Amino acid sequence: MKHFTISELIHSDTAVKRRIWNGATREVEDNLIALVGAVLDPVRERWGKPIAVTSGYRSAELNRIVGGVATSQHLKGEAADICAANPKETARLGRLIVQMGSYDQVIFEYSNADCTEAEWIHVSWKRVGTNRRQILRLLKGSKRYEQISI
Ligand SMILES: [Zn+2]
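Along each chain, residue indices are assigned from 1 in the same order as the chain's sequence is written. Whole-chain, interface and lining totals are the exception, using all residues; otherwise, since this is a predicted model, local features are given only for residues with pLDDT of at least 70 and side-chain atom pairs are given and counted only at 80 or more. Hydrogens and waters are ignored; side-chain quantities use all the structure's heavy atoms.

Enquirer: Even after reading the chapter, I still don't get the overall build of the chain, so can you show me in this structure?
Expert: Looking only at helices and strands, the chain features five helices and six strands. Secondary structure elements follow DSSP: runs of H or I of four or more residues count as helices, runs of E of two or more count as strands, with numbering from the N terminus. Sequence-ordered secondary structure for the chain, helices as α and strands as β, is α-α-α-β-α-β-α-β-β-β-β. For a compact globule of 150 residues, the expected C-alpha radius of gyration is about 15 Å, and the chain comes in at 14 Å, within 12% of that figure. In terms of overall dimensions, the chain has C-alpha extents of about 40 × 35 × 30 Å along its principal axes. For the chain, the residues scored as buried account for 49% of the 150 residues in total. For the chain, long-range pairs separated by at least 24 residues make up 64% of all intrachain contacts whose partners lie at least 6 apart in sequence. Per-residue and other accessible areas were derived by the Shrake-Rupley procedure at a 1.4 Å probe size, with only the shown protein chains allowed to occlude residues. Within the structure as shown, the chain displays about 8100 Å² of accessible surface, and the carbon and sulfur contribution to it stands at 49%. Within these notes, the globule rule equals 2.2 Å times the number of residues to the 0.38 power, and the radius of gyration is based on C-alpha atoms. Think of it in three bands: residues with accessible area under 20% of the maximum for their type are buried, residues over 50% are exposed, and the middle band is partly exposed, with areas taken using a 1.4 Å probe on protein chains only. We call two residues in contact when some of their heavy atoms are within 4.5 Å.

Here it is, written out as structure tokens:
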């Protein structure tokens, strides 16, 4: 844990505003630490610029409120939504994660067709089990996740 903290990974403006408990269990915390160690810290080192975490761990209640899917890895502390300075940079950051090769899923969220712009990157890591190395995109205006290769 060099560039990220547990508190920023469990922080949620929505949870604060709606007074929802969003504390991590030991297992969630272990998963977050693994996500940082395997993905976020190494990518941040290479990227060399700030990376903002817009959503990390979500309790079941918080996940419901923000409209997350019921099986979301955010519920286990296995995923983070991150972004860089703008949509182009954010897509570049997603490509860097893919290039570095250490991830479970990388999703270009609200992206354009060729994934050169994205609103945010969803990235996950499984501390236990097999990391699938899947790349997906969700086109702006669509509700369907598509597996892609870049
Ligand atoms: Zn996400």
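Enquirer: What's the story with the environment of Val 16 in this structure? I'm lost.
Expert: Looking at the element boundaries, Val 16 is found in helix H2 (residues 13–18). Along the chain, Val 16 and Lys 143 lie 127 residues apart, while their C-alpha atoms are 28 Å from each other.

Enquirer: Is there a simple way to think about the coordination of the zinc ion in this case?
Expert: Only His 74 (NE2), Asp 81 (OD) and His 122 (ND1) from the protein coordinate the zinc ion, and they sit 2.0 to 2.1 Å from it. All donors of the zinc ion belong to a single chain; written as a sequence motif, their spacing is H-x6-D-x40-H. Of this pair, His 74 sits in the loop between helix H4 (60–65) and strand E2 (79–83) while His 122 is found in strand E4 (residues 120–124), placing the two residues 48 residues apart along the sequence. Take His 74: its relative accessible area is 2%, and that puts it in the buried class. Relative accessible area serves as the criterion here: at 8%, His 122 is assigned to the buried category. Donor atoms: N, O and S within 2.8 Å of the metal, or within 3.2 Å for Na, K and Ca. Because water is excluded, sites can look incomplete.

Enquirer: How should I be thinking about the nonpolar core in this particular structure?
Expert: General note: in soluble globular proteins, nonpolar side chains tend to be found buried as a group. Joining through side-chain atoms within 4.5 Å is the link that ties buried Ala, Val, Leu, Ile, Met, Phe, Trp, Tyr and Cys residues into a set, and such a set is a nonpolar core. Core analysis: the largest hydrophobic core is formed by 34 residues, its most contacted members being Leu 40, Ile 82, Ile 97, Phe 108 and Val 123. The element best represented in this core is helix H3 (residues 26–47), accounting for ten residues.

So yeah, pure geometry; function would need other evidence.
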